[in-house]
Structure formats: structure tokens, C-alpha cells
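Notes for the structure review
If you want the building blocks of each chain, they are given just below.
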Amino acid sequence: MERNEFLKLLGTAGLAVCAGCALESCSSSDPAPSGSTKPPTGVDFTLDLSSPSNAALLTDGGFVYSNGIIIVCLNSVTSTYTAVSQACTHQGNTIAYQAAQSKFVCPAHGSQFSPAGVVLQGPATTSLKAYNTSLTGTMLRVFS
Ligand code: FES
């Protein structure tokens, strides 16, 4: 193999390795948006709390995602629930509920929201869209 051919091959391989490193570091230090920041509209659906897939909603602080919305059981004794859009209003990453802190937290850049969806800490500046909930028996309705 000629020296020029070897260096050309080495340069191509090195570039591929560097591209891989750059992509990896980008995804770990600056999470890409997972979706739109637009909240769902025209919402009206029901969750059966007797279904195993919704069992998390039977305990305080438990939550499930459905139809672009995160639904949380705030108090199982009083059957108090909250439902807000699951996409962070900053860049659309999926939020989670931190029961110990009684707030929603976005893992991407640290925005925090109250159980009602109000911004507690940025970088998000817009509140999450809140939805109504109504429990009848074991059927939890979530609606606009
Ligand atoms: S996407 Fe940036 S804080 Fe949520």
C-alpha cells in the first residue's frame, strides 16, 4: 500500500470515529427534544384504574402517560388527580412526576412545574397545559 493511500484510509477511519464521539457527547450532555411542545387539544379519554396498566394511579405520587398527557395520583384517599401535558414547554422532552418533591421535573434541562403545571423553575417559561379529571367508580376521565 502506498503511503498516500494509507494516510487517506486512516483519515477516513479517524473521521468516522470522531463523528461517533461527537454524536455521543452531544446526546449525553444536551438531550435532543423528544417532540413538540404543543399540548394535546380536544382531549377526552377514560382510564380504567382497575386495569394493571393503570395501577400506578392507585398510589400517591404514581403516574402514567396517556395520549400525550401525564396523569398523577396526588392523593389516593381523597381520589385527587392532576393531568398536564407531558411535553416540557422548553423543548418538548417528557417530564416526570417527583412525588417526594410534589412537582413535575424535566430531566433534560431541569425545568420544574407545580402539580397544576405552573413553572417553578426554568429554563421553561410557559406553564404546562392542565386538563380536568373526574373519577366515577374506577373510571378516571381526563378531558379539556
Ligand atoms: S426540554 Fe429543556 S427543560 Fe425540559
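Remember, it's a predicted structure, so these values are computed and weren't measured experimentally.

Within the open sheet, the four strands sit side by side as E5-E6-E7-E8. Their pairing is antiparallel. The strands lining the two open edges of the sheet, one partner per strand, are strand E5 (96-98) and strand E8 (119-121). With two bridges connecting them, strand E6 (residues 103-105) and strand E7 (residues 112-113) associate as antiparallel partners. Among the inter-strand pairings, valine 105 is bridged to a residue of E7, identified as glutamine 112.

A word on the pattern of salt bridges. Within this structure, the stated rule accounts for one salt bridge. Its salt-bridge partner being aspartate 44, residue arginine 141 comes within 2.9 Å of it at the nearest N-O pair. Taken as a pair, arginine 141 in strand E10 (residues 139-143) and aspartate 44 in strand E1 (residues 44-48) lie far apart in primary sequence, 97 residues in all.

Attention shifts here to the nonpolar core. Grouped together as the largest cluster of nonpolar side chains are 14 residues, with contacts concentrated most on Phe45, Leu57, Ile69, Ile71 and Val142. Beyond its immediate chain neighbours, meaning those up to four positions away, leucine 57 contacts Leu47, Leu49, Gly62, Phe63, Val64, Ile71, Val72, Cys73, Tyr81 and Leu140. Residues Ile70, Val72, Val84 and Cys106 belong to the second largest nonpolar core, which totals 12 residues.

Pairing in this open sheet of six strands is antiparallel, and the strands run E1-E10-E9-E4-E3-E2 from one edge to the other. The sheet is open, and its two edges are formed by E1 and strand E2 (63-66), each paired on a single side. Going across the sheet, the axis of each strand differs from the next one's by a mean of 25°, ignoring polarity. With six bridges joining them, strand E3 (residues 69-75) and strand E4 (residues 80-85) adopt antiparallel strand pairing.

Applying the stated criterion to the full structure yields two aromatic pairs. Ring centres 5.7 Å apart and planes at 80° place the aromatic pair phenylalanine 63 and tyrosine 65 in the edge-to-face group. Given a relative accessible area of 25%, phenylalanine 63 falls into the partly exposed group. Residue class for tyrosine 65 comes out partly exposed when judged on its relative accessible area of 38%. For the pair tyrosine 97 and phenylalanine 104, a centre-to-centre distance of 5.0 Å together with 70° between the ring planes defines the contact as edge-to-face.

The buried fraction of E4 amounts to five of the six residues, a majority that puts the element mostly inside the structure. Between the end of E3 and the start of E4, which pair antiparallel, lie four residues, with serine 79 showing a positive phi angle near 55°. Examined bridge by bridge, E4 and strand E9 (residues 130-136) share two bridges and lie antiparallel to one another. By the bridge assignment for E9, valine 84 is matched with alanine 130.

We now examine unusual backbone geometry. With omega at 25°, the peptide bond leading from glycine 122 into proline 123 counts as cis. By the element assignment, proline 123 lies in the loop between E8 and E9. A positive phi angle, close to 55°, is found at asparagine 67, a residue other than glycine. By the secondary structure assignment, asparagine 67 is in the loop between E2 and E3. When its relative accessible area of 52% is taken as the criterion, asparagine 67 is described as exposed. Even without being a glycine, serine 79 presents a positive backbone phi close to 55°. On the secondary structure map, serine 79 appears in the loop between E3 and E4. Assessed through its relative accessible area of 34%, serine 79 is described here as partly exposed.

The rules behind these values
Residues numbered from 1 in each chain as written. Predicted model: local features only at pLDDT ≥ 70, side-chain atom pairs only at ≥ 80, totals over all residues. Heavy atoms only, no water. Pairing = 2+ DSSP bridges. Helix = DSSP H or I, 4+ residues; strand = E, 2+ residues; numbered from the N terminus. Salt bridge = Lys/Arg side-chain N within 4 Å of Asp/Glu carboxyl O. Core = buried A, V, L, I, M, F, W, Y, C linked by side-chain atoms within 4.5 Å. Buried < 20%, exposed > 50% of the residue type's maximum accessible area, 1.4 Å probe, protein only. Contact = heavy atoms within 4.5 Å. Axes fitted to C-alpha atoms, helices over the stretch in contact; angles between N-to-C directions. Phe/Tyr/Trp six-rings, centres within 6.5 Å; stacked < 30°, edge-to-face > 60°.

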